[in-house]
Amino acid sequence: MCNPILALFIFMLGLSSLEVSAQPFHTLVTSLHKDPNTSLHTITLTLDPSEQYLIDLDAPFIWNRCDSSQPTVSCGEPKCLTTRSYISPLCPETNNTNGQCSCYDTPVNPITGLCASSYLSLNELTVYWTAGRSLSTYRIQYGNLYISCAPSSLLQSLPAQAIGVASLSWSTLSLLYQFIIDDLTQKFSLCLSSSSDDQGVIFFGDGPYYLEPPANFDASSVLSYTPLIKNPSALGYFINVTGISINQEAISVPANTFALDVSGGVKLSTTVPYTTLRSDIYSVFMSEFKKALDGFPRGKKVSPLEYCFKTNVTRPTKVESIPRIDLVLGDEGYWTIHKSNLLKQVDADAACLAIVDGGKTAEHAVVIGTYQLENIMLQFDLVQSRLGFSSPLSSFGSSCGNFDFTVRP
């Protein structure tokens, strides 16, 4: 059984490290990094910038590489019951055979799909408060967060600096839910840099989110909104897409092609590099896209991108000829995939369409990948269950790399 006195002590100990009594802020902030080798994005959650966590919008809980000295969570604690509800069927379930009532779990590597038998532990993470412009002199050290203690072998295929995975999902064991205190609103805003030379940024809580220059540019003020849909069988984020248009003409696909309950829906991902379309959607889309893309000779394929063509996309006369692509939203709005998120320049005279075929048996109709999410502001508002999204920040003269990570009073 869980010892109530011990549980109370752990709770009070966690609160004692928050350092929140004198701070006047209501938003937390930390940096994001694009790995040049994998193009995956990681988050800084400690005072050691060499220790990063891969960000994952689907993960059920946070996990990191650690040793057996980490304090374990009792199998009788409520958080253990939550963690064990996410046991991966790919891993054999581990029972308590050592005489201790430890909370065993199965963290999963979202890139390889591999999992490991492990246990839930208590650990510390540190982030800064902000008024929206820079780091404040106040930082918050969360003591005794629930983090799975995973073996180093589970880090395969993650960025070299990654020591684990940071959950940003709907789960009550995600970063946002574990960061929640009285002054923090239940929302986070993600801004992924398109360059490995610049830091991206993530905010936990309300804006403003200043990305300067230009002076006083608040990225929270340029958001459009669409409802988030909860998938009862998943922890990730889905939106209601009813169609795809090319140059404002809808591609011809059957009704309910994008419906969650019929075709797996449309989800956002930070672990899939490019947007994927299920094969039946991809074939129709590509047929119409090729018709709309007039006058560009085909180029050599660059795996995994299949449709490449010869052009210098930085020349205005050519860029204007690239078809406009919109995701048509169920609330009668649309999400335009602008050219900077649609085409990947592979050399000086060739570009590839950054959309790939997800296969005939893809679980979801569409998965919006990280290339399409870079250099735009995304706000996941879990209270109002809505997604805020901006146009490319370059259209405002800014970028995700423009937050000031200097500590200022």
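Keep in mind the model is a prediction, meaning the values are calculated, not measured.

### Examining the overall build of the chain
Reasoning step 1: Within the chain, the regular secondary structure consists of eight helices and 25 strands.
Reasoning step 2: Of the roughly 17,900 Å² that the chain leaves accessible, carbon and sulfur atoms contribute 52%.

### What to know about the sheet that holds strand β13 (residues 241–246)
Reasoning step 1: With antiparallel pairing, four strands are arranged side by side in an open sheet as β14-β13-β18-β19. The sheet terminates laterally at β14 (249–250) and β19 (334–337), the two strands that pair on one side only.
Reasoning step 2: Two elements, β13 and strand β18 (residues 325–329), share five bridges in a ladder whose sense is antiparallel. Considered in β18, the bridge of isoleucine 246 is made with isoleucine 325.
Reasoning step 3: On the sheet, helix α5 (residues 279–292) packs against β13 and β18 and is oriented at approximately 25° with respect to β13.

### Comments concerning the pattern of salt bridges
A side chain with one charge may pair with a side chain of the opposite charge, provided their charged atoms come close.
Reasoning step 1: One pass over the structure, following the stated rule, counts ten salt bridges.
Reasoning step 2: Salt bridges sharing partners connect three or more residues here, namely Lys187, Asp206, Asp381 and Arg386.

### Let's talk about the environment of aspartate 105
Reasoning step 1: With respect to the helices and strands, aspartate 105 occurs in strand β5 (residues 104–105).
Reasoning step 2: Judged by its relative accessible area of 2%, aspartate 105 is buried.
Reasoning step 3: In sequence terms aspartate 105 and isoleucine 87 are 18 residues apart; their C-alpha atoms lie 6.0 Å from each other.
Reasoning step 4: Residue contacts for aspartate 105: discarding those within four places in its chain leaves Phe61, Thr83, Ile87, Ala116, Ser117, Ser118, Tyr119, Leu120 and Ser148.

### Concerning the nonpolar core
Reasoning step 1: If you look at the biggest cluster of nonpolar residues, it comprises 71 residues, and the most contacted ones within it are Phe204, Phe285, Trp335 and Phe380.
Reasoning step 2: It is α5 that contributes the most residues to this core, five residues altogether.
Reasoning step 3: Domain assignment of the residues forming this core places at least three in each of domain 1 (27–215) and domain 2 (223–390).
Reasoning step 4: Setting aside chain neighbours within four positions, we find phenylalanine 285 in contact with Ile244, Ile246, Ile251, Leu277, Ile325, Leu353 and Ile355.
Reasoning step 5: Listed in part, the 19 residues of the second largest apolar core include Leu54, Ala59, Ala116 and Leu154.

### Some thoughts on the confidence of the model for the chain
Reasoning step 1: Counting all residues, the mean pLDDT for the chain is 89, and 89% of those residues have values of 70 or more.
Reasoning step 2: Note on residues 4–21: pLDDT is under 50 here. Beyond four places in sequence and across chains, it has 19 contacts.
Reasoning step 3: Note on residues 313–317: pLDDT under 50 across the span, and five contacts to partners over four residues away in sequence or across chains.

### As for the pairing of strand β8 (residues 162–167)
Reasoning step 1: The buried fraction of β8 is high, at six of six residues.
Reasoning step 2: Relative to β8, strand β3 (residues 52–56) runs parallel, the two sharing five bridges. In the strand pairing of β8, glutamine 52 is matched with alanine 162.
Reasoning step 3: Sheet analysis places strand β4 (residues 63–65) next to β8, joined by two bridges and oriented antiparallel.

The rules we used
For every chain, the first residue of the written sequence is number 1, and numbering continues from 1 onward in sequence order. Local features in this predicted model are restricted to residues whose pLDDT is 70 or higher, and side-chain atom pairs enter the listing and the counts only when it is 80 or higher, whereas totals over whole chains, interfaces and linings include all residues. To obtain the side-chain values, all non-hydrogen atoms of the structure were included, while hydrogens and water were left out. Secondary structure elements follow DSSP: runs of H or I of four or more residues count as helices, runs of E of two or more count as strands, with numbering from the N terminus. Here the Shrake-Rupley method, with its probe set to 1.4 Å, supplies the accessible areas, and only the displayed protein chains count as covering residues. Strand pairing follows a simple DSSP-based rule, namely that at least 2 bridges must link the two strands. The contact criterion used is simple: two residues touch if any of their non-hydrogen atoms lie within 4.5 Å. Axis geometry follows a simple rule: fit a line to the C-alpha atoms, using only the stretch in contact for helices, then measure angles between N-to-C directions, giving values from 0 to 180 degrees. What counts as a salt bridge is simple: a side-chain nitrogen of Lys or Arg found within 4 Å of a carboxyl oxygen of Asp or Glu. Only protein chains enter the area calculation, which uses a 1.4 Å probe; residues under 20% of their type maximum are buried, those over 50% are exposed, and those in between are partly exposed. Each nonpolar core is a collection of buried residues, namely Ala, Val, Leu, Ile, Met, Phe, Trp, Tyr and Cys, held together in the definition by side-chain atoms within 4.5 Å. Note that domain bounds follow an automatic or database assignment of domains. You can read pLDDT as the predictor saying how much it trusts each residue, on a scale of 0 to 100.

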